[in-house]
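Reading the structure
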Amino acid sequence: MKGKPVQQVRELREYSRLCQEIESVYHNISVKMGLSDSSCQILYSMVELGDGCLQTEISKWYSSSKQTINSSIKVLERRGILWLEPGKGRDMHLHLTEEGQKLVEKTIYPMIEMENQVFSSILPEENREFLRLMRQYAGLMKEYGGELIGKIQHEKQKEGIT
């Protein structure tokens, strides 16, 4: 990384590695549950957002593409884990089936309990500071990411690529 202090580069690499380490924990849990990462995220978000939540809410919750969420929802629907109820316009409400509720109790609730144990193992003021810094980091990523997207789009337009 040109022009960046060595320490900053090391810290950024460590941050990236730690994020991957955390994602790996979730991935390994999903695999052991027999779920894809996105299917697990959908079930998790249904617990968080509540029965009848919208497909679009899940996309926003995880900042995932609608196509990825839609594909995983179709798989979960075919497996008899959830069912869809039409809402206003193109909105679709998601509901767990009885089998889906059993799956959530067996898989997602223990995952949430694990997260609660992790958070409880850290001092409350450290949790608050961690969240404050993560919000700041996420806000800056959105800001600078938006600027980068704008530059990329501008370059593509200059080159005649849309």
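As shown above, the structure is provided for reference.
Chains are numbered independently. Their residues run from 1 in the order of the written sequence. Where totals are concerned, whole chains, interfaces and linings use all residues; where local detail is concerned, this predicted model gives features only for residues with pLDDT of at least 70, and gives and counts side-chain atom pairs only at 80 or more. Side-chain measures were taken over the full set of non-hydrogen atoms in the model, leaving aside hydrogen atoms and water.

1. What about the packing of helix α2 (residues 37-49) against helix α3 (residues 55-62)?
To get an axis, fit a line to the C-alpha atoms, keeping to the stretch in contact for a helix; angles then go from 0 to 180 degrees between the N-to-C directions. For helices the rule is a DSSP run of H or I covering at least 4 residues; for strands it is a run of E covering at least 2, with both sets numbered from the N terminus onward. It is the contact of α2 with α3, at a shortest axis distance of 10 Å, that shows an interaxial angle of 105 degrees. Our classification of the angle between α2 and α3 gives roughly perpendicular. Only E57, I58, W61 and Y62 of α3 make contact with α2, whose side of the interface consists of Q41, I42, Y44, S45, M46, E48 and L49. Of the residues belonging to the contact of α2 with α3, the class tally is seven nonpolar, two polar and two charged. Oblique is the label for every angle not falling under 35 degrees (roughly parallel), over 145 degrees (roughly antiparallel), or within 65 to 115 degrees (roughly perpendicular). Only heavy atoms enter the contact rule, under which two residues are in contact if any of them lie within 4.5 Å. Any residue outside Ala, Val, Leu, Ile, Met, Phe, Trp, Tyr, Cys, Pro, Asp, Glu, Lys and Arg is labelled polar, Gly included; the first ten of those are nonpolar and the last four are charged.

2. A short note on the pattern of salt bridges
We define a salt bridge as a contact between a side-chain nitrogen of Lys or Arg and a carboxyl oxygen of Asp or Glu at a distance within 4 Å. Under the defined criterion, the tally for this structure stands at four salt bridges. Here R17 and E21 are joined by a salt bridge, their closest N and O atoms 2.6 Å apart. With a gap of four residues between them, R17 and E21 both fall in helix α1 (residues 6-33), about one helical turn apart. The rule is simple: take the accessible area with a 1.4 Å probe, protein chains only, and divide by the maximum for that residue type; under 20% is buried, over 50% is exposed, in between is partly exposed. Classification of E21 as partly exposed rests on a relative accessible area of 45%. For the salt bridge of R132 with E129, the shortest nitrogen-to-oxygen distance reads 2.8 Å.

3. Here's the deal with the packing of aromatic side chains
Between rings of Phe, Tyr and Trp, where Trp is taken as its six-membered ring, a pair exists when centres lie within 6.5 Å; planes separated by under 30 degrees are stacked, by over 60 edge-to-face, and by other angles tilted. By the definition in use, this model includes one aromatic pair. Residues Y15 and Y137 carry aromatic rings whose centres are separated by 4.7 Å and whose planes lie at 50 degrees to one another, so their mutual orientation is tilted. On the criterion of sequence distance, the pair formed by Y15 in helix α1 and Y137 in helix α6 (residues 124-159) is long-range, its members being 122 residues apart.

4. Comments concerning helix α4 (residues 66-78)
Taking 1.5 Å as the rise per residue, α4 with 13 residues should run 18 Å; its terminal C-alpha atoms sit 18 Å apart, in good agreement. Of all the positions in α4, only I69, S72, I73 and L76 are classed as buried. Looking straight down α4, one finds its buried side chains confined to an arc of 105 degrees; they lie on one side. Facing away from the buried surface of α4 by more than 90 degrees, the exposed residues are Q67 and R78. The elements touched by buried residues of α4 are α2, α3, β1 (82-86) and β2 (92-96). Helix span, expected: 1.5 Å multiplied by one less than the number of residues in the helix. Directions from the helix axis toward the C-beta atoms define the arc.

5. As for the pairing of β2
Whether two strands pair depends on DSSP finding at least two bridges between them. For β1 and β2, the ladder comprises five bridges, and the chain directions are antiparallel. Residue pairing across strands places L82 opposite L96, the latter belonging to β2. Here β1 hands over to β2 after five residues, with G89 in that stretch at a positive phi of 60 degrees.

6. Notes on the nonpolar core
Definition used in this section: a nonpolar core is a set of buried Ala, Val, Leu, Ile, Met, Phe, Trp, Tyr and Cys residues joined via side-chain atoms within 4.5 Å. Within the largest apolar cluster, 21 residues are counted, with the highest numbers of intra-cluster contacts made by I42, L43 and M46. Sorting the residues of this core by element identifies α2, α4, β2 and α5 (98-120) as the ones contributing at least two each. Discounting chain neighbours no more than four positions away, the residues touching L43 are L35, L76, I81, L96, L103, V104 and I108.

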